[in-house]
Amino acid sequence: MTSLRVRIGILGLALLAGSAAPASPAAAAAAPPPTVEEQRLDRAVPREILERSGFDTVPLRFTRALGTARSYAEARKAVVRQGSALWKRAVDRAQGRGPAGGDLSRDDDRPLYWARLAMTREVRAWEPSFGLSEAQRAALLGDLERTSRGQTAVRYPGGERLKRVLVTGFDPFTLDRDIRISNPSGASALALDGTVIETAEGPARVETVVFPVRWQDFTDRTVERALRPYLKKVDLFTTVSQGRVGRFDVERTNGAWRGGFPDNDNVGVTGVVPVPDPASQPQWTTTTLPYKAIVDADTGRFPVYDNTSVTEIPAGGTVPVVRADGPTAGSTARAGGGGNYLSNEIAYRATLLRDRLGLHDVLPGGHVHTPVLEFGAGNTDPATGSVTDPGFVKNRLDIIAQVRAILVVAVEKAT
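Per chain, the residues get numbers from 1 upward, laid out in the order the sequence is written. Side-chain atom pairs in this predicted model are given and counted only at pLDDT of 80 or more, local residue features only at pLDDT of at least 70, and totals for whole chains, interfaces and linings cover all residues. Remark: hydrogens and water are excluded; side-chain values derive from all non-hydrogen atoms of the structure.

(A) Highlighting the layout of surface pockets. For cavity detection a 1 Å grid was placed over the protein atoms alone, and a set of points counts as a cavity when a 1.4 Å probe fits there but cannot get out; an open set counts as a pocket when protein lies on both sides within 12 Å along at least five of seven lines, with lining residues being those that have an atom within 4 Å of a point. Grid points are joined across faces, edges and corners, and a volume is the space filled by probe spheres set on the points. In this structure, the largest pocket spans a volume of roughly 450 Å³. Secondary-structure elements contributing two or more residues to the lining of the largest pocket are helix 2 (36–39), helix 6 (110–125), helix 7 (134–148), helix 9 (215–219) and helix 10 (222–231). Secondary structure elements are taken from DSSP: a helix is a run of H or I of four residues or more, a strand is a run of E of two residues or more, and numbering for both begins at the N terminus. Of the residues forming the lining of the largest pocket, the biggest block, 5 residues, is contributed by helix 7. Side-chain classes are defined by residue name, with Ala, Val, Leu, Ile, Met, Phe, Trp, Tyr, Cys and Pro counting as nonpolar, Asp, Glu, Lys and Arg as charged, and the others, Gly among them, as polar. Of the residues in the lining of the largest pocket, the class split is 5 nonpolar, 6 polar and 11 charged. Of the volumes computed, that of the second largest pocket is approximately 360 Å³. Listed by contribution, the elements that provide at least two residues to the lining of the second largest pocket are strand 4 (236–242) and helix 12 (342–356). Residue composition of the lining of the second largest pocket, by class: 7 nonpolar, 8 polar and 2 charged.

(B) Molecular detail of the packing of helix 5 (residues 72–94) against helix 6. An axis is simply a line fitted to the C-alpha atoms; with a helix, the fit covers only the stretch in contact. Between two such axes, the angle follows the N-to-C directions and lies from 0 to 180 degrees. Two numbers describe how helix 5 lies on helix 6: the axes approach to 10 Å, and their chain directions differ by 170 degrees. The pairing of helix 5 with helix 6 is recorded here as roughly antiparallel in orientation. The chirality of how helix 5 crosses helix 6 is right-handed. Two secondary-structure elements touch here, helix 5 through Gln82, Gly83, Leu86, Trp87 and Ala90 and helix 6 through Leu112, Ala115, Arg116 and Met119. Per-class residue counts for the contact of helix 5 with helix 6 are 6 nonpolar, 2 polar and 1 charged. Orientation is classified from the angle alone, with under 35 degrees giving roughly parallel, over 145 giving roughly antiparallel, 65 to 115 giving roughly perpendicular, and any other angle giving oblique. Note on convention: the crossing is left-handed when the near helix lies turned anticlockwise from the far helix by less than a right angle, right-handed when the turn is clockwise. By definition, residues are in contact when any of their heavy atoms lie within 4.5 Å.

(C) Focus on the sheet that holds strand 3 (residues 202–211). Should DSSP find at least two bridges between two strands, the strands are regarded as paired. Strands sit in the order 2-3-1-4-14-5-10 across an open sheet of 7 strands; the sheet is mixed. This sheet does not close on itself; its edge strands, each paired only once, are strand 2 (196–199) and strand 10 (304–307). Averaged over all adjacent pairs, the angle separating strand axes in this sheet is 30 degrees, with direction ignored.

(D) Representation of empty space enclosed by the protein within the structure. Taken as a whole and judged by the stated rule, the model has 3 cavities of 30 Å³ or more. The calculated volume of the largest cavity comes to roughly 40 Å³. Of all the elements in the fold, those that place two or more residues in the lining of the largest cavity are helix 6 and helix 8 (184–192). Among the elements that make up the lining of the largest cavity, the one with the highest residue count is helix 6 (3 residues). The residue makeup of the lining of the largest cavity, split by class, is 6 nonpolar, 1 polar and 3 charged. Thr238, Val240, Val368, Val403, Ile406 and Leu407 are the residues that line the second largest cavity. Of all the elements, helix 13 (residues 390–414) adds the most residues to the lining of the second largest cavity, at 3 residues. For the lining of the second largest cavity, the residue count by class is 5 nonpolar, 1 polar and no charged.

(E) Structural context of the pattern of salt bridges. Here, a salt bridge means any Lys or Arg side-chain nitrogen found within 4 Å of an Asp or Glu carboxyl oxygen. Within this structure, the stated rule accounts for 32 salt bridges. A salt bridge links Asp178 to Arg180, with the nearest nitrogen and oxygen atoms 2.9 Å apart. A single burial state applies to Asp178 and to Arg180, both of which are buried. A salt bridge links Glu224 to Arg349, with the nearest nitrogen and oxygen atoms 2.8 Å apart. Of the two residues, Glu224 is situated in helix 10 and Arg349 in helix 12; the sequence distance between them amounts to 125 residues. A network of salt bridges, in which partner residues are shared, links Glu37, Arg116, Glu145, Arg149, Asp171, Arg214 and Asp217. Partly exposed describes any residue whose relative accessible area lies between the buried limit of under 20% and the exposed limit of over 50%, with all areas from a 1.4 Å probe on protein chains only and scaled to the type maximum.

(F) Spatial organisation of the sheet that holds strand 13 (residues 332–335). The 3 strands lie next to each other as 12-11-13, forming an open sheet whose pairing is antiparallel. In this open sheet, the two edge strands, each paired with only one partner strand, are strand 12 (321–323) and strand 13. Each strand of the sheet is rotated relative to its neighbour by a mean of 40 degrees, with strand direction disregarded. Bridge count between strand 11 (residues 310–313) and strand 12: 3 bridges; the pairing is antiparallel.

(G) Representation of the pairing of strand 5 (residues 248–251). On strand 5, burial covers both faces: Phe248 and Val250 on one face and Asp249 and Glu251 on the other are all buried. Relative to strand 10, strand 5 is paired through 4 bridges, and the arrangement is parallel. Looking at the pairing, Asp249 lines up with Tyr305 of strand 10. Taken together, the 3 bridges between strand 5 and strand 14 (residues 365–370) define a ladder with antiparallel strand orientation. Note on strand 14: the bridge partner recorded for Val250 is Val368.

(H) Quick look at the pairing of strand 11. The two faces of strand 11 match: Val310 and Glu312 on one face and Thr311 and Ile313 on the other face are all buried. The pairing of strand 11 with strand 13 spans 3 bridges and is classified as antiparallel. Looking across to strand 13, one finds that Glu312 is bridged to Ala333.

(I) Region of interest: the side chain of Glu37. By secondary structure assignment, the location of Glu37 is in helix 2. Among all residues touching Glu37, those that are not within four sequence positions of it are Tyr113, Trp114, Leu117, Asp171, Arg214, Asn264 and Asp265.

(J) The arrangement of the environment of Ala75 in detail. Relative to the assigned elements, Ala75 resides in helix 5. For Ala75, a relative accessible area of 0% puts it in the buried group. Residues contacting Ala75, with those up to four places away along its chain left out, are Ala69, Trp126, Phe130 and Leu140.

(K) Spatial organisation of the packing of aromatic side chains. Pairing of aromatic rings covers Phe, Tyr and Trp, the last through its six-membered ring, and needs centres within 6.5 Å; plane angles under 30 degrees mean stacked, over 60 mean edge-to-face, and all others mean tilted. Counted under the stated rule, the structure contains 9 aromatic pairs. Where Tyr113 meets Trp114, the ring centres are 4.8 Å apart and the plane angle is 70 degrees; that geometry is what we call edge-to-face. Aromatic side chains Phe375 and Phe392 sit 4.1 Å apart centroid to centroid with 5 degrees between the ring planes, which places their arrangement in the stacked category. Taken together, the residues span a long stretch of sequence, with Phe375 in the loop between strand 14 and helix 13 and Phe392 in helix 13 at a distance of 17 residues. Take Phe392: its relative accessible area is 1%, and that puts it in the buried class. Three or more aromatic residues joined by ring pairs form one cluster here, namely Phe173, Trp215, Phe261 and Tyr341. Lying over the aromatic face of Phe375, Arg180 brings its terminal NZ or CZ to 3.9 Å of the ring centre. Here, a charge over a ring is recorded when the distance from Lys NZ or Arg CZ to the ring centre is within 6 Å and its angle to the ring normal is within 35 degrees. The ring of Tyr305 carries Arg247 above its face, with NZ or CZ at 4.1 Å from the centroid.

Take it as geometry only, folks, not as evidence of what the structure does.
Next comes the structure, spelled out in structure tokens:
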């Protein structure tokens, strides 16, 4: 197959030919290079995933839309429209609406991830005749990220009987270890977005958003921007990410520490989680999900644990200590139950936001770790393995179904 990047570049040049005279050099900034994350698009696996889902047409359509823009305002409208359409298309595909577009199973979250990266790379490389400043390009990228992640599409209908649930997921990660990786939390978000789950306490409408696996985005408060408008309106929220092999965990405690594991741009950051008003920042936040009821319920194939462990530096100490039963008074966080990567950080940020909004005692919320999504037997070699197999699909479908079942229990027991 001809390189996706080459095709996009050729089309972009053709569409931009003959447009108005370029802006003055002072008005436009040079296009930045693609990110580490975007550079992975040139490998065979992303191209195959896009082709086998029909999402290989997304970047081409996006390039055409950008090519028709004759001003920054028009470009912004095009980006918002195309980003929103990508999210809707991914949700529709996951929920069985419209054509599958190929033989890749509908529950797959990876077409959304790789198509979005193709679009962000195009924005990063785009040099329109009217010129783009660095700030304008950053704004376009921000619009594209938010719209294509469902962060601008959260809608709860009226009605007092309808419970409102907010769920978050993540992109695939550790792609240099195995570029075929899917993230069951992102797949769950696509499968659940806009759906109504029936509970003993009545129907509950689920809305979802997906977040990047990048430290800088979290430093820039993407979590707070996305969740703040809704936390006072929902009845329950949970952040979700991929965790340990063969088990779900309800994480009891979240820590204010970044452990430095590399993100999707191969950047590692170590230090205190940066939040507004650091003087009042706690070392720990806690779940308000009904964790005992979730653990005790029969929600599916995988066991579910109430994970109370943390890693702390005890008050007056200097050496990190693992505590099986949670943090001790005055200790300094080094890892929550969910570790010290971005899954812990989204849980920390979301629950800290809950607490700072005065909702700790009235809003159930916390973090759920799914099992690691494993490929089937005989398909474990990243270099020679297939991008999918029946066992891989079954594992993902089982995880999605169990996330849904956990939400049912959480809504029933938190009411």
